[in-house]
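Next come the chains, spelled out residue by residue.
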Amino acid sequence: MRSHRWFTPWLLVGPAVVWVLVFSLWPFLNTVVLSFTDARPLRAVQPVGFAQYERLLQDEQFGYALITCLIYVVVCVPLLTILPLLLALLVEKNVPGIAVFRTTFYFPVIASVVVVALIWSWLFDSRGVINEALQWMGLTDKPVAFLVDRWWLLACAILLTVWKGLGYYMVVYLAALGNVGKELHEAAMLDGAGSFRRFLSVTIPSVRGAMLLISVLIAVSAMRVFTELDILSNGTGGPGGYDMSIVMLIRRVGSGLNGNLGYAAAISVALFLLTLLPLIVIAFMNREKKTTEVR
């Protein structure tokens, strides 16, 4: 049997390596370089050192965008970590018709986020279904400013994100629950543990790795939120731009012939560093866990 030539593996991985270099690594390095310049369309690029980052620290709009993203992280991480687990426990039983419920819960995942956000904006409009229903039931005398109030708009966007992500993370938990030994639950039942106690002492420790992974994915996605806030606010970022996310700010700063590409690149680098924080946290937690197991 002839052995493979030395370059055969490189032929197989070559297209993927070229793709990563051209469409990932090079744009990233170019963004870092641009962040130290005053690059603008149709103008010569001039290096400005750390001027763009100094401007970033003094930019009030960036502060509002950062607060919006942090609120998104603080609210979405616990909701999308716990609720999908409860949903997975609800549908993991093999009973007749349970596949219908699994499909129903997963359906929002396959729907386009743009389409869902548009439907959401129609529902929460001042003349939308929600306001009409509230007034019909006598719960309010006038339309609630869901899409023009800073906090209501943020709440609607978070609700949309949570609703759309439940099914996806439910599937992740279903895979993790499938690896939980039934003998653990049976042993806990013999010791007199009830359903809630088994949930705390058996289920959660068994899916802790999945919970950490899901928490990191949610945190990174929340820091990079764009479509929900952009469509619900009609691209304005809400009243005064208070609900603008960091990605929306990058789009606003860097768009058009007068766009400040250098400053947009600096914001992009800052966003990249912020998304690294959850990854560092999970790496530290895994390291502590391994150290504890060794001891």
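These remarks concern the structure in this document. Remember, it's a predicted structure, so these values are computed and weren't measured experimentally.

1. A look at the environment of E60
Phase 1: Note on placement: E60 falls in helix 3 (residues 60-91).
Phase 2: Each C-alpha atom of the pair E60 and L70 lies 15 Å from the other, and the pair is 10 residues apart in sequence.

2. Considerations on the nonpolar core
Taken as a class, soluble globular proteins show a tendency for nonpolar side chains to be buried jointly.
Phase 1: Of all hydrophobic cores here, the largest spans 64 residues; its most connected members are Y72, Y173, V207, I246 and I267.
Phase 2: Per-element tally for this core: the top contributor is helix 7 (residues 150-177), with 13 residues.
Phase 3: Residues in contact with Y72, not counting those within four places in the same chain, are V77, L154, A157, I158, T161, A222, V225, E228 and L229.

3. Structural notes on the pattern of salt bridges
Phase 1: Scanning the model with the defined rule gives one salt bridge in all.
Phase 2: D230 is the partner of R251 in a salt bridge, and the nearest nitrogen-oxygen pair spans 2.6 Å. Taken together, the residues span a long stretch of sequence, with R251 in helix 12 (residues 246-254) and D230 in helix 11 (residues 227-232) at a distance of 21 residues.
Phase 3: With relative accessibility at 36%, the residue R251 sits in the partly exposed group.

4. Notes on the packing of aromatic side chains
Phase 1: Taken as a whole, this structure holds 11 aromatic pairs when the rule is applied.
Phase 2: The interplanar angle of 90° and the centroid separation of 5.3 Å between the aromatic rings of F36 and F50 together place this pair among those described as edge-to-face. Pair noted here: F36 is in the loop between helix 1 (8-34) and helix 2 (51-58) and F50 is in the loop between helix 1 and helix 2, with a separation of 14 residues, a long-range link.
Phase 3: Using a relative accessible area of 57% as the deciding quantity, one classes F50 as exposed.
Phase 4: Taking 5.4 Å as the distance between ring centres and 50° as the angle between the ring planes, the aromatic pair formed by F36 and Y53 counts as tilted. Of this pair, F36 sits in the loop between helix 1 and helix 2 while Y53 sits in helix 2, and the two are 17 residues apart along the sequence.
Phase 5: Under the relative-accessibility criterion, F36 is labelled partly exposed at 28%.

5. Digging into the side chain of K164
Phase 1: Residue position: K164 is located in helix 7.
Phase 2: Although K164 is buried, it makes no salt bridge; E228 carries the closest opposite charge, 7.7 Å away.
Phase 3: A polar contact of 3.1 Å, which involves the side chain of K164, links it to the backbone oxygen of P108.

What counts, and at which threshold
- Residues numbered from 1 in each chain as written.
- Predicted model: local features only at pLDDT ≥ 70, side-chain atom pairs only at ≥ 80, totals over all residues.
- Heavy atoms only, no water.
- Helix = DSSP H or I, 4+ residues; strand = E, 2+ residues; numbered from the N terminus.
- Core = buried A, V, L, I, M, F, W, Y, C linked by side-chain atoms within 4.5 Å.
- Buried < 20%, exposed > 50% of the residue type's maximum accessible area, 1.4 Å probe, protein only.
- Contact = heavy atoms within 4.5 Å.
- Salt bridge = Lys/Arg side-chain N within 4 Å of Asp/Glu carboxyl O.
- Phe/Tyr/Trp six-rings, centres within 6.5 Å; stacked < 30°, edge-to-face > 60°.
- Lys, Arg positive; Asp, Glu negative; His and termini not counted.
- Polar contact = N/O pair within 3.5 Å; in protein donor to acceptor, adjacent residues only side chain to side chain.

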